[in-house]
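# Structure assessment
Given next are the chains, with one letter for each unit.
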Amino acid sequence: MKKPRTQTEWQQRNKDKVNKYNARYRESKIRIGLTIDKEVAERISAIKDPSQSYGEWLRQIIDNLLAN
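The text that follows walks through the structure, step by step, so that each part is easy to find. Remember, predicted model here, so these are calculated numbers, not experimental data.

The next point concerns the overall build of the chain. When helices and strands are counted, the chain shows four helices and zero strands. Its C-alpha atoms give the chain principal-axis dimensions of about 45 × 25 × 20 Å. Counting only residues that meet the buried cut, the chain has 10% of its 68 residues in that class. In the structure as shown, the chain presents an accessible area of about 6900 Å², 53% of it carried by carbon and sulfur atoms. Between the mean site of the 15 positive side-chain charges and the mean site of the 9 negative ones, the chain shows a separation of 10 Å.

Another point: a nonpolar patch on the surface. A cluster of nonpolar side chains, Leu34, Ile36, Val40 and Tyr54, forms an exposed patch at the surface whose accessible area comes to about 340 Å². On the basis of relative accessibility, which here comes to 36%, the residue valine 40 falls in the partly exposed class.

A separate point is the side chain of glutamine 52. Along the chain, glutamine 52 falls in the loop between α3 (38–47) and α4 (54–67). Given a relative accessible area of 18%, glutamine 52 falls into the buried group. For glutamine 52, the residues in contact, after removing those within four places along its chain, are Trp57 and Gln60.

Cut-off values and rules
- Here the residue index of a chain counts from 1 through its sequence in written order.
- Local features in this predicted model are restricted to residues of pLDDT 70 or higher, and side-chain atom pairs are both shown and tallied only at a pLDDT of 80 or more, whereas totals for entire chains, interfaces and linings draw on every residue.
- With hydrogens and water excluded, all non-hydrogen atoms of the structure serve as input to the side-chain values.
- Here a strand is any run of E in DSSP of at least two residues, a helix any run of H or I of at least four, and the numbering for each starts at the N terminus.
- Burial classes follow relative accessibility: with a 1.4 Å probe on protein chains only, a residue under 20% of its type's maximum area counts as buried, one over 50% as exposed, and anything between as partly exposed.
- Per-residue and other accessible areas were derived by the Shrake-Rupley procedure at a 1.4 Å probe size, with only the shown protein chains allowed to occlude residues.
- Neither His nor the chain ends contribute to the count of charged residues, in which Lys and Arg are positive and Asp and Glu negative.
- Every charge is mapped onto a representative atom, which is NZ of Lys, CZ of Arg, CG of Asp or CD of Glu.
- For patches, a residue must show more than 30% relative accessible area and have no salt bridge; joins then use 9 Å for like charges and 5 Å for nonpolar side chains, namely Val, Leu, Ile, Met, Phe, Trp and Tyr.
- What makes a salt bridge here is a side-chain nitrogen of Lys or Arg within 4 Å of a carboxyl oxygen of Asp or Glu, nothing more.
- Between two residues, a contact is recorded if the distance between any of their heavy atoms is within 4.5 Å.

Okay, structure coming up:
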């Protein structure tokens, strides 16, 4: 979803505040990178909602597994 123009302009004018917010957000997160084969991506695409990214889909699967 595209951000409203006013939000983008505010972020451009206040880069220091945006950077501080992002840094605080990332403090409690661990970032990972994942590379998958095209065949696996095609199988996932057949299952997941087209509007969902692969990361969102995987995060939902992991959250569900850990909740049980």
